[in-house]
Amino acid sequence: MKLPKASAVIAAAVLAPAVLFPSSAVAADGPRPTGLSSPDTSDQESQDRAEVQRILADKESGPGVREAAEKALAGDAAAVRHFLDVELADQRIIDNRVRVSRLINNAGPVLKEAAKQVLRHGTPAEVEKFLKEGQFKARAEDDDRAKVQGILADKESGPGVREAAEKALAGDAAAVRHFLDVELAEQRIVDNQVRVSQLINNAGPVLKEAAKQVLRHGTPAEVEKFLKEGQFKARAEDDDRAKVQGILADKESGPGVREAAEKALAGDAAAVRHFLDVELAEQRIIDNRFRVYQLINNAGPVLKEAAKNVLRHGTPAEVEKFLKEGQFTARAEDEKAGGNRTPDPTEQPQQPGQDVKPVAVTTTDTAGTPATTAPATTAPATPVAGPGQLAATGSEGLGWEVGGAAAVLAAGAALVAVSRRRSTEG
């Protein structure tokens, strides 16, 4: 039976919503056409790429990670995601093992052994932890052991320090650290005290007394400073005093030198040093010129003239050379001449046994004008040689007793002024 046209229209109107609305829902839940991206997908890819960029910027990223990251960034979103999910972890394992392998080169014994062990038996997590922590502990132990080795190589290390150091090196890291933190200081105190005690044997008086004092009253720091500095100052003072003692023992030392030397020895280290640096040279100049002056009395004509000339014009060095050499050359010439003295116009005739007046010493002042300085004392007389006799040359009886120290001191003031003036002019 055929429906009327009106009924067909009504049926279609009733069924249309049922057909159309489910179809719209299915279309909304169905797959999207290829090539269309939702806002959520685009945001995820941006975040993934930003993470890869961060990994590339990380200085800890190894070469394998960097290479894989750059390759991923050149690809699509799936390549970036695959790098983050899979390749990053794989490449990090490889890079970490390479880094541990490189640590072995030029490493200390502790670091080298630890690196080998973690490469042989360590999991990826253990290898990574070794790079973050373990290698630094191993390096620290190597540094400690290197310090102990350096202490053993130091010639200044005493026997107590050496014994404790060797024992520490035979132990573990804790033993090495304990030696550096505790035992080293304790053993150094003992060794330093022993060294100071040993210095006392065969030491000079200054060093011996200084060593005793620092052992009795010195702190460990003061004992160490004495070994580094004080002992050498004390030795220097002992050496200076020994030099002065040697000068006193020298028969050639004159009365002025002797008096100044004895005074210096009665003083402190500065007085002794001042004598050696300043007074010795000054007193020798005075003593040498007085010795030359003594030679003039009763000398042969050649010796007398040579002595006068060196007093007038000689520098301190020339006066000293005259005493060492020149006077003997002049004596030889007098002896060769037969011993006939030529009367000196400045001398008065005298009989044997009479005192001989000293000959005035003529010098030149700073203006070039001759000036005569008369010695303040007289030397004991020596008989004048008669005809045919060898003239006295002044070599006998002219020791330092002649004139005495008083004569030297009296004449010295004038003579040292002359010698200093001559030194300045020279």
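Everything that follows concerns the structure shown earlier in this document.
Our subject in this report is the structure included herewith. The structure presented is a predicted model; accordingly, all values stated were derived computationally and were not measured.

The rules behind these values
Residues numbered from 1 in each chain as written. Predicted model: local features only at pLDDT ≥ 70, side-chain atom pairs only at ≥ 80, totals over all residues. Heavy atoms only, no water. Core = buried A, V, L, I, M, F, W, Y, C linked by side-chain atoms within 4.5 Å. Buried < 20%, exposed > 50% of the residue type's maximum accessible area, 1.4 Å probe, protein only. Helix = DSSP H or I, 4+ residues; strand = E, 2+ residues; numbered from the N terminus. Phe/Tyr/Trp six-rings, centres within 6.5 Å; stacked < 30°, edge-to-face > 60°. Salt bridge = Lys/Arg side-chain N within 4 Å of Asp/Glu carboxyl O.

## Structural notes on the nonpolar core
V292, L303, A307, V310, L311 and F322 are the most contacted members of the largest nonpolar core, which has 14 residues in total. Ranked by the residues each element gives to this core, the list is headed by helix α12 (residues 269-296), at 5 residues.

## Let's talk about the packing of aromatic side chains
Throughout the structure, instances matching the rule amount to 1 aromatic pair. On the basis of an interplanar angle of 40° and a centroid distance of 5.7 Å, the ring pair of F290 and Y293 is categorised as tilted. Placement of both F290 and Y293 in helix α12 is noted, with a separation of 3 residues, approximately one turn of the helix. Overall, the relative accessible area of 2% leaves F290 in the buried class.

## Some words on the pattern of salt bridges
Charged atoms that come close allow side chains of opposite charge to pair. With the rule as written, the count across this model stands at 16 salt bridges. With a shortest N-O distance of 3.2 Å, E141 and R145 are connected by a salt bridge. Highlighted residues: E141 and R145, both in helix α6 (residues 124-153), separated by 4 residues, approximately one helical turn. Both residues of the pair, E141 and R145, belong to the buried class. Residue D144 pairs with R177 through a salt bridge whose shortest N-O separation is 2.4 Å. Note that D144 is positioned in helix α6 and R177 in helix α8 (residues 173-200), a separation of 33 residues in sequence.

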